[in-house]
Amino acid sequence: MLQLHLAIWLGGFLLAGTSAAEQKDNPMKFGMVIHGGAGTIERREMTPENEAAHRAGLEQSLKAGYDILQRGGSSLDAVEAAIRVLEDNPLFNAGKGAVFTHEGTNELDASIMDGKTLNAGAVADLQHIRNPISLARLVMEKSPHVMLVGAGAEAFARKMGMQFVDQKYFYTDERWQSLQKEKAKSSPVPVSDKDRHGTVGAVALDKAGNLAAGTSTGGTTNKQFGRVGDSPIIGAGTYANNRTCAVSCTGDGEYFIRSVVAYDISAMMEYKGMPVQAAAQAALDKALKLGGTGGLIAIDKEGHFAMPFNTSGMYRGKVGPDGKVTVEIYK
Ligand code: ASP
């Protein structure tokens, strides 16, 4: 019991200026929470310009989602729109600005889930799709499948008339330098989370009471052999269910897959009746016990939300019915 209280308190403490107690009485009637990745994000290493640019990117994403929710649009549309903004922003590790593989290519993963129908779509190992989240949505809505990968996914994208880009489109100097640093290290050990953060995700509750979640990433710097993380795995990196919550994760994908983090939160809420903040913290703690660091965002069907992380920072933000956008980076 003490543990549960501590978890609730911690969950509340980590929210962007809204305590769990405050939320209990006044949940968001509709709203959206986003992340731009968790990792070693130190205030002292950020220039004011860099910090302002990240904040502006998160705000722009939240506004895109809010515009849709505010005029009665669906949580799915809001999640897709918010993620597209971050995919187009070179500062985040998704779409343009994705990290590089060992071979110096970019391989993108994304997924989206509809809490109302439990329909889901996912894509992995894309090399020429500007907005992977939109292809994930097309997989969900226009194919009989849940997950398409590599050349097959791109063939489907062509059939759907999606926008293709050259690999050069994804290039940013910062990500290229991160790859060189990683390669200079003697063993192909997992990258430090400093060079990893930037995965993006969004969860939303719309005016009709429907939940949706989505996640998009370039994966991890220096990844090899067609490695795929948790982001496109439904139940691991992304999950949404109107009965419980919508979740998007960021962190050490291998551990988030093994801990089935996103579904674990939903299961704790469904089977144990736990509040979203406590379930989110407990699931993250379980992943950490295995050795996985990172964070996540979650929102429940009443508009309570959580954004816990166990790294030094996580780009994150929220917007509720009043349209006020709140963005945070550090602990
Ligand atoms: N979870 C992502 C992956 O493992 C990376 C991240 O969120 O930083 O591909």
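Summary of the structure given here. (Residues numbered from 1 in each chain as written. Predicted model: local features only at pLDDT ≥ 70, side-chain atom pairs only at ≥ 80, totals over all residues. Heavy atoms only, no water.)

### Comments concerning the packing of helix α5 (residues 132-142) against helix α6 (residues 150-159)
Right, on to step 1. Running from amino to carboxyl end, α5 crosses α6 at an angle of 75 degrees, the nearest separation of the two axes being 11 Å. Relative to α6, the element α5 is oriented roughly perpendicular. Counted together, L135, L138, V139 and K142 of α5 and A153, F156 and A157 of α6 form the full contact between these two elements. (Axes fitted to C-alpha atoms, helices over the stretch in contact; angles between N-to-C directions. Helix = DSSP H or I, 4+ residues; strand = E, 2+ residues; numbered from the N terminus. Parallel < 35°, antiparallel > 145°, perpendicular 65-115°, else oblique. Contact = heavy atoms within 4.5 Å.)

### Things to note about the packing of aromatic side chains
Right, on to step 1. What the rule picks out here adds up to seven aromatic pairs.
Right, on to step 2. Their ring planes at 20 degrees and their centres at 6.1 Å tell us that F30 and Y66 sit as a pair that is stacked. In this pair, F30 sits in the loop between α2 (20-25) and β1 (31-39) while Y66 sits in helix α3 (residues 48-70), placing the two residues 36 residues apart along the sequence.
Right, on to step 3. We classify F30 as buried; its relative accessible area is 6%.
Right, on to step 4. Residues Y171 and W176 carry aromatic rings whose centres are separated by 6.1 Å and whose planes lie at 40 degrees to one another, so their mutual orientation is tilted.
Right, on to step 5. Aromatic rings pair up to connect F100, Y171 and W176 into one cluster.
Right, on to step 6. Geometry around Y169 places K96 over its ring, the cationic atom sitting 5.2 Å from the centre.
Right, on to step 7. Here the guanidinium or amino end of R158 rests over the ring plane of F164, the centre of that ring lying 4.0 Å away. (Phe/Tyr/Trp six-rings, centres within 6.5 Å; stacked < 30°, edge-to-face > 60°. Buried < 20%, exposed > 50% of the residue type's maximum accessible area, 1.4 Å probe, protein only. Lys NZ or Arg CZ within 6 Å of the ring centre and 35° of its normal.)

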